[in-house]
Structures are given as C-alpha cells and as structure tokens.
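Fold and contact review
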There are 2 protein chains.
Amino acid sequence: MSDIRKDPIVGRWVIVAENRAARPQDFEHAERKANGRDCPFCEGHEHHTPREIVAVREPNSMANRTGWRVRVVPNMFPALESDGELGRQSDGLYDMMHGVGAHEVIIESPRHISSTSELSEAELTEVLCIYRDRLIELKKDHRLAYGMLFKNVGPGAGASLEHIHSQLIATPIVPINVWEEMTGSLEFYNYRGKCIYCDIIRREIESKKRIVFETSEFVALCPFASRFAFETWILPKTHCSRYEKIDSAAASELSGVLKGVIESLEKILEGPAYNYIIHTAPFDTDEVGHYHWHIEIMPRINKAAGFEWGTGFYINPVPPEAAAGALRGT
Amino acid sequence: MSDIRKDPIVGRWVIVAENRAARPQDFEHAERKANGRDCPFCEGHEHHTPREIVAVREPNSMANRTGWRVRVVPNMFPALESDGELGRQSDGLYDMMHGVGAHEVIIESPRHISSTSELSEAELTEVLCIYRDRLIELKKDHRLAYGMLFKNVGPGAGASLEHIHSQLIATPIVPINVWEEMTGSLEFYNYRGKCIYCDIIRREIESKKRIVFETSEFVALCPFASRFAFETWILPKTHCSRYEKIDSAAASELSGVLKGVIESLEKILEGPAYNYIIHTAPFDTDEVGHYHWHIEIMPRINKAAGFEWGTGFYINPVPPEAAAGALRGT
C-alpha cells in the first residue's frame, strides 16, 4: 500500500505509491495507437480491467461484458487503495498515513477514441452524470475528504493510456489547492458579502473580452490570471458549491459547452494535450455562499519549467483576451 | 512589456509575456544538437546574444568577445524587463502591474555541453560564485523583491536551448512558493524555537536512510515528502538564510556536492531531464533564525498531470529511502 506524507515545512502532501512505476505506457508503443489492439479499455476487452464498479449499459447486458456506454473501474495501478484504516502517525517532524482512498477510472466510450470532442453530446452527458453519481457514492465513506475528477489527454498532459477516460481520486485530506480556493473565496465573502466567482462571472459577461461561450446556464471564459495559454474555465451562472448537485438537464447543457470549448481548442492549437479538472467543494461542506464549482481546462502547450516549480509564478505567453478572441472566432 | 496579474481567488501571480511565444526551440531542430552550429551561447557567437552584463574572462579579453569562462547576458525573450516603473493598478477585482524585473541567462561554459556533470568542479565553482554576485547586485534595485536562480536541462524540464545555462528571474513580488516556505518555517520557529531545516538535517544525518552525500559543510538528501522520484536537496549544515553569503571555499565544496548528485542521478536514470532551483530568502530579509537556504534538484521522470495541477498533491512512484539508497550506491 502507498503512504501519504506531509512536507513539514509547507504542509504539501505527497502520495508515495511504488506500484505506479509499473503502469503501462501506451505512448511508448506507437503500434497500439493506430487501432486499439491490446487496449484494456476497448469494448470486448472488459476482462483486462479490474471488475467494474458501475456502468451505463444496454438493457439486459451483463456486468464486465460488452454492451456498455460508460464504465467505471478501479485503477489497475491505484495511487490510493480503498481497504484499511488511515493509521495516522507522527514520527518527530514527520506526519504520514496509509494511502487510503479511491482511485477510479471512468472509461467514457467503448470506442477507441481519445478526446472529449469525439464524443456526442448525449455520450458526454452520460459521462458528466456518472461523475456526479460517483461523487455522491464516495462521499458516503467517512474516511474520505475530497473527490477530484480530472482528465489527462495526450502524453504531454500526463496520460499513460490513449483510450478516452477520466479519473477520480478520492483523498483522506482536502488537497492544498482546493483549500486555497476555499479559504481565498471565504475571505472575499467575509469581506464583501458575496461570492467572488459570481462577481467574476458578472463582470466578465459585462466586459465580454475574456468570454468564450455563453449559454443560459453556463459561461466559458479565459480567466484574468490564466496560468496556461488558452486556459479556459466553465462555470455555472447560478451559484452552487457542489458539482454533484447537477441535474440531467444541466449536464446536457454543460456537455455542449465542454465539447464546444475543446473543439475550439483543438481547432486552434491543432490537437493539443490537455487536462481538465472539476473543482468542487470538499465532502464535508454543505452548500456555502462563498464557493462555486467549476471546470478548469488547461491545454498543455507551454511547459512548466524550473521557474514555475520554484516560485508558483507562471509565465503565460498568450494574454487571455487574445485567447478568448481566438476561441470565439472558431 | 509583459504584465503581472494576480488571481483574485487564490492570490497566485502570473506573468503574461507575449514575447516568450517567439523564442527559439533547439529541441525542434535536431541538427543543432550535434555540434552547436548556430548556438547563440557558444564561444565565438557572442554577437548572437544581447550585450553581456558581466563575465568571468581571461585577462585582457574584451567584453562580448571570446575569452570568457562564464557569461551573464539579458534573456533575449525576457519574462520581465528592467526598465520602467511597476505601475501597480487595480481594476475592480483584478490587480496587476507592469512586468518589471530582471531575466538573466548565466551561460556556464563556452563549450557546447548541456549538463552540470560536464563542468569541472573549478568551472562549477565560478558559476556558483556568479550566482551569488548577481543576487547581491540585483538586491540593490529596490523595485525587486526576490531573485530566483534556476536551471532547466532537457526539453522534459522546460529547456528551450541545449547549451549549458541557468537563469535568474528577479520579481517585484515574493513568489507564493517562497512565501509558503518562509511562513511555514517561521511558524515552526515561533512554536519550537528552532530552524526546521536544521532539525531536518540533524534528524536525517542520525537516521541516514535518506542521506545521499555528506561533506563537512553540506548534506545532500532525498526529502521525506519528495514530490518527484529521486528529488534531492542540498543544504548547508551551518544555519544561513541567504545564498548570497556563500564564500569561495564553500562554493568550491558545494560544487563537488552538486556535481556529484547530478552525476549519480544521470548514472541511475540514464541522463534524465532535470531542474534545480536555489531557494533563498527574499531581498528584504536579513539573516533570520527560521529560514535556511538550499538547492532543490528535481529529475523530471514522472510527469505532473491533471491530478497534481488540480490538487497540489503529488504522486511519487519511488520512496525517497529507495532513491537515496540507489544514489548512495553509485
């Protein structure tokens, strides 16, 4: 089992997971890319993954057989494992605990495709609903504090398999970046009496210059302090702290926005590697006035180097106003 | 000129520098790698860089001509520029300022080599002394708050040119990661009355299991909560907050340790991309009891992906105890 260790100086957490070194690397095997041969996520290869946790299936199809549209399985090389107790321990300066949590893979299509833009809106809606359902389920486990849903597309974004999938890692600690968003937005709320994300949305819709798309319930924009070139966020216009409250109608609308943004990014950047991450409130947080769930989409065309690692300062070569203008123009 | 923007939620700063998009990419031109043809950093090509700021030269050699051993020049595509005032401004939610600062390149050898392991200890000592001298010089500029010295080796670590060099970016803001180290170590100091880094050094030397090398004045170790596989830190054993206080004898000893660590990493990992970063106190900090300068060396063999960007949690597949054991064994 992995362990979770805390840096005693800055409080950053690290998962030390030896088994992760052994996982397969599609991108080192060019022949696999062409046709999905040997791909453990393709339909008909269900026996190559651990047994499914849940799936969206045709009526009368059987678990771990063909006939599914979205399939959730445990990660074969999990960073965190679901069995056991946390066993928090301290050894002088150092705090650590067992690597307890969940690490699931959401296989988003039986077809060997790789990008969200290749899903239909109906297919993507089912994926977005499965995200919600998994968060609701994992929240019931009181050892867990947070569920992070994310997607890596392309080797430049850290993907190790090509077949379209996203991941959910549920951690026994609220991650530091989430904590910073929670405390930063709470500070604003206490001082100004309103949600900073709602304020950003209102202001950006007024000025228009960083808006990419807008629908009745969602807005896609390039944030004022974008870390990455063409970084784009999607936010619900109506205040809501928790992604898992999304209903099917909103998921359907969101699928159009998410697919649209990724299609535009791919058109302009010629199929970039990218990540997206769902930012939502920690499990023990009820609906709160200060936090606003959203999706951050990060094309990985400029590489973080020594300066970024050392400082937490980012250098972005494309002003978000120019990025939004280009994305709107597609 | 670039601008520096603050994320209104988490307080992260971003440099938006359009000119950086235009910089050359050695690694897209394989033929350049073989022989340094067209390399702007090779001896004899001094006219391909901006005019030098300072250099270590043979007696009687002329500035911007041959005859140098280490040469410091302004970055041709600077993230920050030295002219002008900060012009801090706010626009509602958003804070920004002009991209004032310094962005220098330290060319570490006239020869077309790429890794620190290819320098002699005497050459590396001169580089380490130039680092010190540039910090002392830039500190005199009261618009500047911090000087970050870092090195990117290999495209996987964000290098855009192959010829051995490091960079110094001086910023008008103390970077958030440095701030976190300063406040984290101060909190420990206030509570326990001692430097947390000194405590870590003492403890690690006692237990030995994460120690890589030790000399009379320095220790190299794999930190307890290593973010990256084979991450290694070098710390002076005697408490000191500021790198720029290093003297020539200590720089000479440090050169042996730094070169030794990188040689070991390259032997085990077969020439990995890597970054190193000098962590030192902000310009306005005098010698303080709680902060301890050090160098962090990060091989870039495991890639940060969506999970790391989203959470600030890192997944490291190699326990630091195993990494230190392997590095000691070389």
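Residues numbered from 1 in each chain as written. Chains lettered and ligands numbered in written order. Predicted model: local features only at pLDDT ≥ 70, side-chain atom pairs only at ≥ 80, totals over all residues. Heavy atoms only, no water.

1. Details of the confidence of the model for chain A
One rule of thumb: low pLDDT means the predicted coordinates there are not for detailed reading. Residue and element names in this part refer to chain A. Just so we agree on the cut-off: pLDDT measures the predictor's confidence residue by residue and takes values from 0 up to 100. We call two residues in contact when some of their heavy atoms are within 4.5 Å.
Residues at a pLDDT of 70 or more form 93% of chain A, whose mean pLDDT is 91. Confidence over residues 27-34 falls short of pLDDT 50; this stretch has 15 contacts with residues more than four positions distant or in other chains. In the predicted complex, the global pTM is 0.90; the interface-specific ipTM is 0.87.

2. As for the sheet that holds strand S10 (residues 211-214) of chain B
Residue and element names in this part refer to chain B. Formally: What makes two strands pair is DSSP finding at least two bridges between them. Secondary structure elements follow DSSP: runs of H or I of four or more residues count as helices, runs of E of two or more count as strands, with numbering from the N terminus. Angles run from 0 to 180 degrees between N-to-C directions of axes, and those axes are lines fitted to C-alpha atoms, restricted for helices to the stretch in contact.
Read from one edge to the other, the open sheet built from 10 strands follows the order S3-S4-S7-S9-S8-S13-S14-S12-S11-S10, with strand pairing classed as antiparallel. Each end of this open sheet is capped by a strand with a single partner; those strands are strand S3 (54-57) and S10. Taken pair by pair, the neighbouring strands of this sheet meet at an average axis angle of 15°, ignoring direction. As paired strands, strand S7 (residues 102-107) and strand S9 (residues 165-171) are joined by 6 bridges and run antiparallel to one another.

3. Concerning the pairing of strand S8 (residues 146-153) of chain B
All names here are of chain B. Stated formally: Whether a residue is buried, partly exposed or exposed follows from its accessible area with a 1.4 Å probe, protein chains only, as a fraction of its type maximum: under 20%, in between, or over 50%, in that order.
Summarising burial for S8: 8 of the 8 residues are buried, a large majority. What you see with S8 is no split at all: Tyr146, Met148, Phe150 and Asn152 on one side and Gly147, Leu149, Lys151 and Val153 on the other are buried throughout. By the bridge criterion, 5 bridges tie S8 to S9 in an arrangement that is antiparallel. Counterpart to Met148 in the pairing with S9 is Ile169. Across 5 bridges, the pairing between S8 and strand S13 (residues 274-279) is antiparallel. Bridge assignment links Val153 to a residue of S13, and that residue is Tyr274.

4. Here we look at the domain arrangement of chain A
Residue and element names in this part refer to chain A. To keep it simple, the criterion reads: Domain delimitation follows an automatic or database domain assignment. Buried area, as used here, totals the accessible surface that two parts lose on assembly, with accessibility defined by a 1.4 Å probe and the loss added over both. By definition here, a salt bridge exists when the distance from a side-chain nitrogen of Lys or Arg to a carboxyl oxygen of Asp or Glu is within 4 Å. The definition of a polar contact used here is a pair of N or O atoms within 3.5 Å, where within protein one atom must be able to donate a hydrogen and the other to accept one, and adjacent residues in sequence count solely through side-chain atom pairs. All residues other than Ala, Val, Leu, Ile, Met, Phe, Trp, Tyr, Cys, Pro, Asp, Glu, Lys and Arg, Gly among them, are scored as polar; the first ten of these are nonpolar and the last four charged.
Taken domain by domain, chain A consists of domain 1 (3-176) and domain 2 (178-328). Opposite the 33 residues of domain 1 that make contact, domain 2 presents 32 residues. Across the domain 1/domain 2 interface, buried area totals approximately 2,900 Å², and carbon plus sulfur atoms make up 62% of it. Looking at the side of domain 1 facing domain 2, the largest losses of area belong to Leu128, Lys139 and Tyr146, adding up to 21% of the total buried there. At the junction of domain 1 with domain 2, the criterion picks out 1 salt bridge. Residue Glu244 pairs with Lys139 through a salt bridge whose shortest N-O separation is 2.6 Å. Taken together, the connections running from domain 1 to domain 2 amount to 25 residue pairs in polar contact (both at pLDDT 80 or more). Elements that contribute at least two residues to the side of domain 1 that touches domain 2 include exactly helix H2 (121-138) and strand S8 (146-153). The element that contributes the greatest number of residues to the side of domain 1 that touches domain 2 is H2, accounting for 10 residues. Split by residue class, the side of domain 1 that touches domain 2 holds 19 nonpolar, 9 polar and 5 charged.

5. Thoughts on the relation of the copies chain B and chain A
The condition that has to hold: We superpose the copies by least squares over the C-alpha atoms of residues that have a pLDDT of at least 70 in both of them.
Structural alignment of chain B on chain A gives an RMSD of 0.0 Å, achieved by rotating through 180° and translating 0.0 Å along the axis. Put plainly, the chains are arranged around a two-fold axis. Same-surface contact between copies: 100% of interface residues of chain B are shared with the interface of chain A.

6. Quick notes on the interface of chain B and chain A
Taken together, the contact between chain B and chain A spans 79 residues of the former and 79 residues of the latter. For the pair chain B and chain A, the two sides together bury roughly 6,800 Å², of which 68% comes from carbon and sulfur. Along the contact surface separating chain B from chain A lie 4 salt bridges. Its salt-bridge partner being Glu321 of chain B, residue Arg5 of chain A comes within 2.9 Å of it at the nearest N-O pair. The interface formed by chain B and chain A contains 16 residue pairs in polar contact (both at pLDDT 80 or more).

7. A closer look at unusual backbone geometry
All names here are of chain A. Although it is not a glycine, Lys208 sits at a positive phi angle of roughly 70°. Of the residues examined, Lys208 reaches a relative accessible area of 56% and is grouped as exposed. Residue Glu270 is not a glycine yet carries a positive backbone phi of 55°. As for its position among the elements, Glu270 is in the loop between helix H5 (248-269) and strand S13 (274-279). On the basis of relative accessibility, which here comes to 71%, the residue Glu270 falls in the exposed class.

8. Some details on the packing of helix H3 (residues 176-192) of chain B against helix H4 (residues 196-207) of chain B
All names here are of chain B. Rules: Here roughly perpendicular refers to angles of 65 to 115 degrees, roughly parallel to angles under 35, roughly antiparallel to angles over 145, and oblique to all remaining angles.
Between H3 and H4, the shortest axis-to-axis distance is 9 Å and the interhelical angle comes to 75°. It follows that H3 is roughly perpendicular to H4 by the angle criterion. Contacts from Glu181, Ser185 and Phe188 in H3 reach Ile196, Tyr197 and Asp199 in H4.

9. Re the environment of Gly193 of chain A
All names here are of chain A. Within the fold, Gly193 resides in the loop between helix H3 (176-192) and helix H4 (196-207). What makes Gly193 exposed here is its relative accessible area of 54%. Sequence separation between Gly193 and Ala273 is 80 residues; the distance between their C-alpha atoms is 39 Å.

10. A short note on H3 of chain A
Counted only if it meets this: A helix is expected to reach a length of 1.5 Å times the quantity of its residues less one.
With 17 residues, H3 of chain A ought to run about 24 Å at 1.5 Å a step, and its terminal C-alpha atoms sit 24 Å apart, in line with that. Looking at the residues trailing H3 of chain A, positive phi occurs at Gly193 of chain A, about 75°.

11. Comments concerning the pattern of salt bridges
As enumerated under the stated definition, the model contains 50 salt bridges over all chains in all. Among the salt bridges present, the one from Glu126 of chain A reaches Arg69 of chain A, with a minimum N-O distance of 2.7 Å. With Glu126 of chain A in helix H2 and Arg69 of chain A in strand S4 (residues 68-74), the pair connects residues that are 57 residues apart, well separated along the chain. Residue classification places Arg69 of chain A among the partly exposed residues on the basis of a relative accessible area of 29%. Between Glu321 of chain B and Arg210 of chain B there is a salt bridge, and its shortest N-O distance comes to 2.6 Å. Within this pair, whereas Glu321 of chain B is found in helix H7 (residues 320-328), its partner Arg210 of chain B is found in the loop between H4 and S10, the two being separated by 111 residues in sequence. Residue Arg210 of chain B is classed as buried on the basis of its relative accessible area, which comes to 4%. It is possible to trace a salt-bridge network through shared partners that takes in Asp3 and Arg5 of chain A together with Glu204, Arg210 and Glu321 of chain B.

12. So, the sheet that holds strand S15 (residues 314-316) of chain A
Across the sheet, which stays open at both edges, the 5 strands sit in the order S15(A)-S2(B)-S1(B)-S6(B)-S5(B) with mixed pairing between neighbours. The two strands at the open ends of the sheet, each matched to only one other strand, are S15 of chain A together with strand S5 (89-91) of chain B. Each strand axis lies, on average, 30° off the axis of its neighbour in the sheet, ignoring direction. As defined by bridge partners, S5 of chain B adjoins strand S6 (residues 94-98) of chain B across 3 bridges and the pair is classed as antiparallel. Bridge pairing in S6 of chain B places Asp91 of chain B opposite Tyr94 of chain B.

13. Side note on the packing of aromatic side chains
Note the cut-off: Centres within 6.5 Å make a pair out of two Phe, Tyr or Trp rings, where for Trp the six-membered ring is used; the pair is then stacked when the planes are under 30 degrees apart, edge-to-face when over 60, and tilted otherwise. Here, a charge over a ring is recorded when the distance from Lys NZ or Arg CZ to the ring centre is within 6 Å and its angle to the ring normal is within 35 degrees.
Per the stated rule, a full pass over the model turns up 10 aromatic pairs over all chains. Aromatic pair Tyr243 of chain B and Trp293 of chain B: ring centres 5.0 Å apart, planes at 90°, arrangement edge-to-face. Here the residue Tyr243 of chain B occupies a position in the loop between strand S12 (232-236) and helix H5 (248-269), and Trp293 of chain B occupies one in the loop between S13 and strand S14 (294-299), the gap between them amounting to 50 residues. Here the two residues Tyr243 of chain B and Trp293 of chain B agree in accessibility, since each one is buried. Grouping aromatic residues by their ring pairs yields a cluster made of Phe218, Tyr243 and Trp293 of chain A. Positioned over the ring face of Trp68 of chain A is Arg71 of chain A, at 6.0 Å from the centre of the ring.

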